[in-house]
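Here is how the chains run, residue by residue.
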Amino acid sequence: MSVLVFSSVLFATSIAAGLLGALTGLGGGVVIVPVLVLLFGVDIRYAIGASLVSVIATSSGAAIAYVREGLSNIRIGMFLEVATTLGALLGAYLTAKISGHWIAVIFGIVLLYSALSSFRKWPSSIPVGHVNPLARTLELSGTYPGPDGPEPYTAERVPLGFGIMFGAGTLSGLLGIGSGAVKVLAMDQAMKLPFKVSTTTSNFMIGVTAAASAGIYLSRGYIDPTIAMPVMLGVLGGSLIGTHILVKARVKTLRSVFAVVIIALGVEMIYSGITGRI
Amino acid sequence: MSKPTDQDVDISVAAMLRFGITLSALVVLIGGALYLRNPFVPIPNYHHFNSAGPSLSTIAGIFHGVVQLQPRSIIQFGLVLLIATPVARVVFCVVGFARQRSLLYVGISLFVLLILTYSLSNGAH
């Protein structure tokens, strides 16, 4: 295959991944790794390197819109980034210790989880009401625009949320993904933050978390410029198109289709990892 | 001078992010165009991982290649700019929290910055 064909096909695939990732909220990075590994036969370490770079691009791109809306909570985000960046260092360290087969299997499981969580209707968070003293000390509160004016909120179960965030960071560093689904789980379900605040703050954190493992990836040679170039430009372009076109009516169908694709890729990753083809 | 609100910090952060992404995408694009000047060269072997060596995995090596207009080094330089964008964002937050006199959060953001610096200094030598 010539470099032109490889770059063009990868660029087109990445646009599609970025577009679908933005429309469904699952992120584009999550499909880039299995596509590179299973379809293009690229070593999984190059694949996670390219994916991580595209994750930084899309999260920073989407964050421009979110921070303007003022929905993301930078204090909560910054506090939890202590957990995610430490986790990301651990994850990036583990990629060198764990064999490619196991990384493929873990990746497959995370793909299945992401797809299933996109189907699941989370029960809306009902605050317990008593103020967490840790949340007060750390000023983990804010207001968000509700139907009847600004509604205040305060984080609950701070240590649990912090712990889940450490896990999310580890997965991000190990697999080169944003692990937004796990981050939202920590904030929405564990810390009982409003859903909109959770998703936008999660996005705020993805770029910083990814940057923490990117330095280590770079020094280990996981980031190959000739693979990362079409992936980064394609995913960024696709996600920018995705956030600007409004096809809300079709998003539900699209999400189901995309989730099925992700499930198929997840099963294939696990199978290939176990049989040693990756 | 009045203390800036979180919203003021957010707006400057958004402008910085836009600048960082646009710049890095442009540099990657230029490097990519140079790389594809020889479009029919076969692709390298991506099936087996072998580290690219210091020319693409250290900041000094990348700078050296950029000066020599090596296409792959230029792409890699664009990617380093991209990685630096969220780091710059944390620096903005340190400054923003300092201007709000929020000592606790200056400390927290400095700690996050320390972790990021540790990771990136891995690539510096």
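It should be noted that the structure appears before, not after, this text.
What you see is a predicted model; the values in this text were computed from it and never measured.

Some points on the overall build of chain B
No. 1: Within chain B, the secondary structure is distributed over five helices and zero strands.
No. 2: Going from N to C terminus, chain B has its helices and strands arranged as α-α-α-α-α.
No. 3: A compact globule built from 125 residues should have a C-alpha radius of gyration of about 14 Å, whereas chain B, at 19 Å, is more than 25% larger.
No. 4: Overall, the C-alpha framework of chain B stretches about 60 × 25 × 25 Å when taken along its three principal axes.
No. 5: A buried classification covers 44% of the 125 residues belonging to chain B.

Quick look at the side chain of Ser179 of chain A
No. 1: Within the secondary structure, Ser179 of chain A is located in the loop between α7 (158–175) and α8 (180–190).
No. 2: When residues no more than four places from it in sequence are discounted, the contact partners of Ser179 of chain A are Ala168 and Ser172 of chain A.

Some words on the pairing of strand β2 (residues 149–154) of chain A
All names here are of chain A.
No. 1: Across six bridges, the pairing between strand β1 (residues 141–146) and β2 is antiparallel. Note that in β2 the partner of Thr143 across the bridge is Pro152.
No. 2: Hairpin connection, β1 to β2: the antiparallel pair is bridged by two residues.

What about a nonpolar patch on the surface?
No. 1: The grouping of Leu86, Leu90, Tyr93 and Phe166 of chain A together with Phe111 and Leu114 of chain B at the surface amounts to a nonpolar patch, some 530 Å² of accessible area in total.
No. 2: Those elements giving two or more residues to the nonpolar patch turn out to be α4 (74–97) of chain A together with α5 (103–121) of chain B.
No. 3: A per-element tally of the nonpolar patch places α4 of chain A first, with three residues.
No. 4: The residue Leu86 of chain A is located in helix α4 in this model.

Thoughts on the side chain of Thr84 of chain A
Residues and elements named next belong to chain A.
No. 1: Along the chain, Thr84 falls in helix α4.
No. 2: Here Thr84 falls in the buried class, since its relative accessible area comes to 0%.
No. 3: Those residues in contact with Thr84 that lie beyond four places of it in its chain are Met165, Gly169, Lys183, Met205 and Thr209.

Examining the interface of chain A and chain B
No. 1: With 59 residues of chain A at the interface, the matching set in chain B holds 60 residues.
No. 2: For the pair chain A and chain B, the summed buried area comes to about 5300 Å², and 73% of that belongs to carbon and sulfur atoms.
No. 3: Our count for the contact surface shared by chain A and chain B stands at zero salt bridges.
No. 4: At the level of secondary structure, the elements contributing two or more residues to the side of chain A that touches chain B comprise α1 (3–24), α3 (44–69), α4, α9 (195–220) and α10 (225–244) of chain A.
No. 5: Looking at which element gives the most residues to the side of chain A that touches chain B, the answer is α9 of chain A, with 12 residues.

Description of the environment of Arg255 of chain A
Residue and element names in this part refer to chain A.
No. 1: Mapped onto the secondary structure, Arg255 falls in helix α11 (residues 248–275).
No. 2: For Arg255, a relative accessible area of 30% corresponds to the partly exposed category.
No. 3: When the C-alpha positions of Arg255 and Ser118 are compared, they lie 7.9 Å apart, and in sequence the two are 137 residues distant.
No. 4: Once residues lying within four places of it in the same chain are set aside, the contact partners of Arg255 are Thr24 and Ser118.

Notes on α10 of chain A
No. 1: With 20 residues, α10 of chain A ought to run about 28 Å at 1.5 Å a step, and its terminal C-alpha atoms sit 28 Å apart, in line with that.
No. 2: Across the 20 residues of α10 of chain A, 15 count as buried, placing the element largely inside the fold.

Examining the nonpolar core
No. 1: Counting 110 residues, the largest nonpolar core has Leu36, Leu140, Ile227 and Met232 of chain A as its most contacted members.
No. 2: For Ile227 of chain A, the residues in contact, after removing those within four places along its chain, are Phe6, Leu10, Leu36, Val42, Tyr46 and Ala50 of chain A together with Tyr46 of chain B.

Notes on the packing of α4 of chain A against α7 of chain A
Residue and element names in this part refer to chain A.
No. 1: Contact geometry of α4 with α7 gives a least axis separation of 6 Å together with a crossing angle of 35 degrees. In this structure, α4 crosses over α7, and the sense of that crossing is right-handed.
No. 2: Its residues placed into classes, the contact of α4 with α7 shows 14 nonpolar, eight polar and no charged.

Quick notes on the packing of aromatic side chains
No. 1: Using the criterion set out here, one finds 10 aromatic pairs over all chains in the structure.
No. 2: Each ring, one from Tyr144 of chain A and one from Tyr153 of chain A, has its centre 6.1 Å from the other, and the planes form 55 degrees; the classification is tilted.
No. 3: Judged by relative accessible area, Tyr144 of chain A falls into the partly exposed class, the value being 22%.
No. 4: For Arg75 of chain A, the ring lying beneath its charged end belongs to Tyr105 of chain B, and the centroid distance is 5.4 Å.

Comments concerning the pattern of salt bridges
All names here are of chain A.
No. 1: Considering all chains together, one arrives at two salt bridges over all chains under this definition.
No. 2: Put simply, Arg45 and Asp43 hold a salt bridge, and the shortest N to O gap is 3.1 Å.
No. 3: Overall, the relative accessible area of 9% leaves Asp43 in the buried class.
No. 4: Linking Glu139 and Arg75 is a salt bridge whose minimum nitrogen-to-oxygen distance equals 2.8 Å. Placement of Glu139 in the loop between α6 (133–137) and β1 and of Arg75 in helix α4 is noted, with a sequence separation of 64 residues between them.
No. 5: For Glu139, a relative accessible area of 33% puts it in the partly exposed group.

The rules behind each value
- Residues numbered from 1 in each chain as written.
- Chains lettered and ligands numbered in written order.
- Predicted model: local features only at pLDDT ≥ 70, side-chain atom pairs only at ≥ 80, totals over all residues.
- Heavy atoms only, no water.
- Helix = DSSP H or I, 4+ residues; strand = E, 2+ residues; numbered from the N terminus.
- Rg over C-alpha atoms; globule rule 2.2 N^0.38 Å.
- Buried < 20%, exposed > 50% of the residue type's maximum accessible area, 1.4 Å probe, protein only.
- Contact = heavy atoms within 4.5 Å.
- Pairing = 2+ DSSP bridges.
- Patch = residues over 30% accessible without salt bridge, like charges linked within 9 Å, V, L, I, M, F, W, Y side chains within 5 Å.
- Areas by Shrake-Rupley, 256 points an atom, 1.4 Å probe, with all protein chains shown as cover.
- Salt bridge = Lys/Arg side-chain N within 4 Å of Asp/Glu carboxyl O.
- Buried area = accessible area lost by both parts, 1.4 Å probe.
- Expected span 1.5 Å × (residues − 1).
- Core = buried A, V, L, I, M, F, W, Y, C linked by side-chain atoms within 4.5 Å.
- Axes fitted to C-alpha atoms, helices over the stretch in contact; angles between N-to-C directions.
- Left-handed = near helix turned anticlockwise from the far one by under 90°.
- Nonpolar A, V, L, I, M, F, W, Y, C, P; charged D, E, K, R; others polar.
- Phe/Tyr/Trp six-rings, centres within 6.5 Å; stacked < 30°, edge-to-face > 60°.
- Lys NZ or Arg CZ within 6 Å of the ring centre and 35° of its normal.

Treat this as a map of the structure, not an account of what it does.
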